[in-house]
Number of protein chains: 2
Amino acid sequence: MKIAIAGSGALGCGFGYMMQKGGNDVTLLDFWEEHIKAIKENGLSVTVNGKEDNVIIPVGKPEEIKDTFDTIFIFTKSMGLRNMLEKIKHMLTEETKVVCLLNGLGHADTISEYIPKKNIIMGTTVWTGGLDAPGKTHFMGEGPVEVQNSDENEEEGTRQVVKMMADCGLNGIYSQNVHFTTWRKACVNGTMNALCSLLDCNIKQLFETSQIDELNHGIVSEFSRIAETEGIKLDVEEIVNYLKATAEKVGGHYPSMHQDLKNKRPTEIDFLNGVVAKESEVKGFEAPYCKQITQLIHAKEDILGIKR
Amino acid sequence: MKIAIAGSGALGCGFGYMMQKGGNDVTLLDFWEEHIKAIKENGLSVTVNGKEDNVIIPVGKPEEIKDTFDTIFIFTKSMGLRNMLEKIKHMLTEETKVVCLLNGLGHADTISEYIPKKNIIMGTTVWTGGLDAPGKTHFMGEGPVEVQNSDENEEEGTRQVVKMMADCGLNGIYSQNVHFTTWRKACVNGTMNALCSLLDCNIKQLFETSQIDELNHGIVSEFSRIAETEGIKLDVEEIVNYLKATAEKVGGHYPSMHQDLKNKRPTEIDFLNGVVAKESEVKGFEAPYCKQITQLIHAKEDILGIKR
């Protein structure tokens, strides 16, 4: 399969590496010049679950790559999605599948402005990774990658992508309910990710506070109400228990938004609590938890001098 | 006038020093042994607006002092008020005036459980100070100290206390509207104090964020609604403008609650936003800003290992 990775940070490099190893023709796309230069000169160094490797892999800015692709995986930050879709227009054929595994809500709507619904594959993954230096990343986990075609009558192409990922050790599976998984993951990020960032603590510390139950219930109730308007049933108690179980597993981890603030990068809050606050306003609900958390995180970005 | 200072931190020492200098018989009360010992052995060092002095002044734990007093000034933290009232019972006569200049809401109700209304003097001050070491404090400003008798038919005794403070350079004035001043000061503390603590920034940084208008409006509206149920009119726009003007004056200052967290002491949030959240619940209003800020500050206290 001829594959492009649109956004080659830690996850993009991890997926690209695994899929090339599995026999596919993979090209990495990115905008970070130092990173591109390092990969061109020294190859891509990837450590997968502790095992180090170095591979030669095509890489470039989107405007430098003239090919078209069978499948394009998008691994930008949420706020970089639209710009990336603009920049990869010339790589698309009528059959090109676009796979989006980004955190956050509302991405399917953005993608559908550029790509016909039959070619959009939405999903989530629990693979994680980190960027250690230009050209050097690590990749951890065992998956799965759950995906579903946006047009449910067009599963066939998506099933081929799933099979390809499974063959490459990425643990791809076809989901009948990717909307639910996406919303549940947004709840994880909208609670522990947002709160750890605001309170400057790790997940274990957050879940040991006396306030976590009230905060989780407040936030998840607001997510649940908007999910329901989109036909997704999120049981608040069930999700809150899922959060607790997740927190127990990850423990002393600092979530991504905390790392964003620490490294003075804008957060994805507008695609999590921010979406719920905005949609609630449009639909006539109150969402004071999500609204205030979004305001506080933006205030924190401003204080840290982070440009949005 | 025979005066006790119940709670001899920075403000208590400053007031005690000024009133003794002005010819009154002043005794300091406190619970901190190191501080008491230092004052007993080396005298009290006070720097008033940059001018240093050292004086001999009676000091002790409340249980050690057997006298009664004409006037007792309370300068505890909000959460120490009730305990202090218990500990000074034996120093009260039927005529002893109790002056409370504490930040926060609801203190008059607590004091009225111990003291007849005619003897309660409520007020606010803009004097500030700091504790540099045991026995060593500084005191800054020019006042005023605005006070009002809780029973408005009993102004006479309070006017004597006001005159005494004026004579001592403390700029005491009798106010006809101390309730308003108290609520307005609570709005200052419930916005900039709480938010700087949560966002770990100074007042200048907070007021430069893009979110400050929405946050101030959200919080002040909730304070205003509860103030109104107590017969106090707080115009939201007027208060928000007052906050801006105050912020411009104090600039790069880190407010007291920020210092509390930094020094791992419990904050006074339960006597500011916490009161508004609680009263709103009792009275059937929503107060999501105050409620969530109280929860987040308590979560932060928990993370820092601060016992409440």
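Residues numbered from 1 in each chain as written. Chains lettered and ligands numbered in written order. Predicted model: local features only at pLDDT ≥ 70, side-chain atom pairs only at ≥ 80, totals over all residues. Heavy atoms only, no water.

1. Some words on the overall build of chain A
- Scanning chain A from N- to C-terminus turns up 12 helices and 12 strands.
- Computed over the C-alpha atoms, the radius of gyration of chain A is 19 Å, within 12% of the 19 Å expected from 2.2 N^0.38 for a compact globule of 308 residues.
- Over its C-alpha atoms, taken along the principal directions, chain A stretches across nearly 50 × 40 × 35 Å.
- Sorting the 308 residues of chain A into buried and exposed places 55% on the buried side.
- Pairs at least 24 apart in sequence give 70% of the contacts found in chain A among residues at least 6 apart.
- In the form shown here, chain A has an accessible surface area of approximately 13300 Å², with 48% of it arising from carbon and sulfur atoms.
- Separation of charge centres in chain A, based on 33 positive and 44 negative side chains, amounts to 4 Å. (Helix = DSSP H or I, 4+ residues; strand = E, 2+ residues; numbered from the N terminus. Rg over C-alpha atoms; globule rule 2.2 N^0.38 Å. Buried < 20%, exposed > 50% of the residue type's maximum accessible area, 1.4 Å probe, protein only. Contact = heavy atoms within 4.5 Å. Areas by Shrake-Rupley, 256 points an atom, 1.4 Å probe, with all protein chains shown as cover. Lys, Arg positive; Asp, Glu negative; His and termini not counted. Charge placed at Lys NZ, Arg CZ, Asp CG, Glu CD.)

2. Points about the side chain of threonine 47 of chain A
- Of note, threonine 47 of chain A is situated in strand β3 (residues 44-48).
- With sequence-adjacent residues up to four places away left out, threonine 47 of chain A is seen in contact with Glu52, Thr137, His138 and Phe139 of chain A.

3. Focus: the relation of the copies chain B and chain A
- For the pair chain B and chain A, the best superposition has an RMSD of 0.1 Å and corresponds to a rotation of 180° with a translation of 0.1 Å parallel to the axis. Here the transformation between the copies is reduced to the relation of a two-fold axis. Among all residues of chain B, the minimum C-alpha distance to the rotation axis is found for proline 288 of chain B, at 2.9 Å.
- Comparing interface residues between copies, 100% of those in chain B also sit at the interface in chain A, which points to an isologous, same-surface contact. (Least-squares fit on C-alpha atoms with pLDDT ≥ 70 in both.)

4. Brief notes about the packing of aromatic side chains
- Counting across every chain of the model gives 12 aromatic pairs over all chains.
- Geometrically, the ring pair formed by phenylalanine 15 of chain A and phenylalanine 75 of chain A is tilted, given 4.8 Å between the ring centres and 45° between the ring planes. Of the two residues, phenylalanine 15 of chain A is situated in helix α1 (residues 10-21) and phenylalanine 75 of chain A in the loop between β6 (71-74) and α3 (81-87); the sequence distance between them amounts to 60 residues.
- With relative accessibility at 11%, the residue phenylalanine 75 of chain A sits in the buried group.
- Note on tryptophan 127 of chain B and phenylalanine 139 of chain B: the rings are 4.5 Å apart at their centroids and 0° apart in plane angle, and the pair reads as stacked. One end of the pair, tryptophan 127 of chain B, is in the loop between β8 (120-125) and β9 (128-133); the other, phenylalanine 139 of chain B, is in strand β10 (residues 136-140), and 12 residues separate them in sequence. There is no split in this pair, since tryptophan 127 of chain B and phenylalanine 139 of chain B are both buried.
- Members of the aromatic cluster, each reached through a chain of ring pairs, are Phe15, Phe73, Phe75, Trp127 and Phe139 of chain A. (Phe/Tyr/Trp six-rings, centres within 6.5 Å; stacked < 30°, edge-to-face > 60°.)

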